[in-house]
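Residue-level listing of the chains:
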Amino acid sequence: MTAVGTPPASAPRAAAAATRRSRRTTAPGGRGREALTGYLFIAPAVILFAVMGLYTVGYGFLLGFARWNGFAPHWDWVGLDNYADLLWRDPVYAPRVREAAVNTLYVMIAVPVLTIAVSFPLAVALDRVKRAQAVLRSVYFLPYVTSGIAVFYAWQYILQPDGAVNYLLGVLGLGSLQEPQGFLGNPATALPTMIVVTVWTEVPVAMLMYLTGLQTIDRGLLEAAELDGAGWWRVQAAVVWPLLRPITAIVVLLTLRSALHGFQTFLIMTNGGPGTHTNVLGLETYRLAFLSKFAPTLGLASALGWLLFAVAILLALINLRALRSRV
């Protein structure tokens, strides 16, 4: 009979077995097996990244120095000729690239400015709303989660000559603002209209970021400013806006990225038209790569893509430097 408080005879044996198992798992061989198991688990992701990422990037970089149509068995190495042809030398491609660059510059300037001008006041208004804030936030965020292609076709439909915008202007007695050719068919209004549509797609994320930043601001700072006699506008301009400068930098960076690389909206709604009035660099890259039939322009497309990448990196560094200088 075992005395009270005395461990059973099998307890020492169980403890010894546990010690042996612990030694086996911490032995060099055990650690090696665990490491091998971990490597096997991550191997598919590493291989996929190496094939679809590193190999593709390297292949595209080399293609920028070659002339190829995608079907010939060999490349023709031309060095920096593709970059020279795009920038100034070729009488066909250089003017198209310059015009697309001007259109892209307009988009790069207008989209960040208008996105901030719309999203920041909207976030401030939502922050002051106490009831139904979640519902309103979901409603304003809806353009971002809606299928892009469907939304772009809907915009294209309502902007047609017999679309909803012209009809609404007529009902409101603003017939002088109607566009008989449609807002996308008139060269004077096509690019501004595309900028408005692009801003409409960028505002939801920017608004949500500003709203998140507003909700993290210490209310004591705002109350202190009000006690010092600052009005509502002064508080927003001198206290809230400077505190949200890092978010503004992120919004600017995201919208610049969309302006540089985003071409789906232009492809679906205008395809660069009318004429070339809405042709942007991303769309021009797509055309050189996939819409040139059997012309050897894949190298030109790759070179233009790398030029866009270099501009994006430069803008990101400038944005980061400006942010650090103000912090």
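This report concerns the structure included in the present document. (Residues numbered from 1 in each chain as written. Predicted model: local features only at pLDDT ≥ 70, side-chain atom pairs only at ≥ 80, totals over all residues. Heavy atoms only, no water.)

### Looking at the packing of aromatic side chains
Move 1: The tally for this structure, following the rule as stated, stands at 16 aromatic pairs.
Move 2: Seen from their ring centres, Trp155 and Trp200 are 5.5 Å apart, and the 75° between their planes marks the pair as edge-to-face. Linking Trp155 in helix H6 (residues 148-158) with Trp200 in helix H8 (residues 187-216), this pair joins segments that are 45 residues apart in sequence.
Move 3: Judged by relative accessible area, which is 31%, Trp200 ranks as partly exposed.
Move 4: In textbook terms, an aromatic cluster arises when at least three aromatic residues are bridged by ring pairs, as seen for Tyr55, Tyr59, Trp68, Trp75 and Trp77. (Phe/Tyr/Trp six-rings, centres within 6.5 Å; stacked < 30°, edge-to-face > 60°. Helix = DSSP H or I, 4+ residues; strand = E, 2+ residues; numbered from the N terminus. Buried < 20%, exposed > 50% of the residue type's maximum accessible area, 1.4 Å probe, protein only.)

### A short note on the nonpolar core
Move 1: Tyr210, Val240, Leu244 and Met269 are the most contacted members of the largest nonpolar core, which totals 59 residues.
Move 2: No other element matches the 13 residues that helix H4 (residues 93-128) contributes to this core.
Move 3: Of all hydrophobic cores here, the second largest spans five residues; its members include Ala66, Trp68, Trp75 and Leu298. (Core = buried A, V, L, I, M, F, W, Y, C linked by side-chain atoms within 4.5 Å.)

### A short note on helix H10 (residues 232-243)
Move 1: The end-to-end C-alpha distance of H10 is 16 Å, a good match for the 16 Å that 12 residues give at a rise of 1.5 Å each.
Move 2: Looking at the packing, one finds that the buried side of H10 touches H4, H8 and helix H9 (219-227). (Expected span 1.5 Å × (residues − 1). Contact = heavy atoms within 4.5 Å.)

### Concerning the packing of H10 against helix H11 (residues 245-261)
Move 1: One can describe the packing of H10 onto H11 by two numbers: an axis separation of 4 Å at closest approach and a directional angle of 60°. Here H11 runs oblique to H10, going by the angle between their axes. From H10, Trp241, Pro242 and Leu243 reach across to H11, where they touch Arg245, Pro246 and Thr248. (Axes fitted to C-alpha atoms, helices over the stretch in contact; angles between N-to-C directions. Parallel < 35°, antiparallel > 145°, perpendicular 65-115°, else oblique.)

### A look at the pattern of salt bridges
Move 1: Considering all chains together, one arrives at four salt bridges under this definition.
Move 2: A salt bridge links Arg96 to Glu284, with the nearest nitrogen and oxygen atoms 2.7 Å apart. Of this pair, Arg96 sits in helix H4 while Glu284 is found in helix H13 (residues 281-290), placing the two residues 188 residues apart along the sequence.
Move 3: Take Glu284: its relative accessible area is 1%, and that puts it in the buried class.
Move 4: Among the salt bridges present, the one from Arg219 reaches Asp127, with a minimum N-O distance of 3.3 Å. (Salt bridge = Lys/Arg side-chain N within 4 Å of Asp/Glu carboxyl O.)

### Quick look at a nonpolar patch on the surface
Move 1: On the surface, Tyr167, Leu168, Val171, Leu172, Leu174 and Leu177 cluster together into a nonpolar patch covering about 640 Å² of accessible area.
Move 2: For Leu172, the position within the fold is in the loop between helix H7 (164-171) and H8.
Move 3: The exposure class assigned to Leu172 is exposed, which follows from its relative accessible area of 56%. (Patch = residues over 30% accessible without salt bridge, like charges linked within 9 Å, V, L, I, M, F, W, Y side chains within 5 Å. Areas by Shrake-Rupley, 256 points an atom, 1.4 Å probe, with all protein chains shown as cover.)

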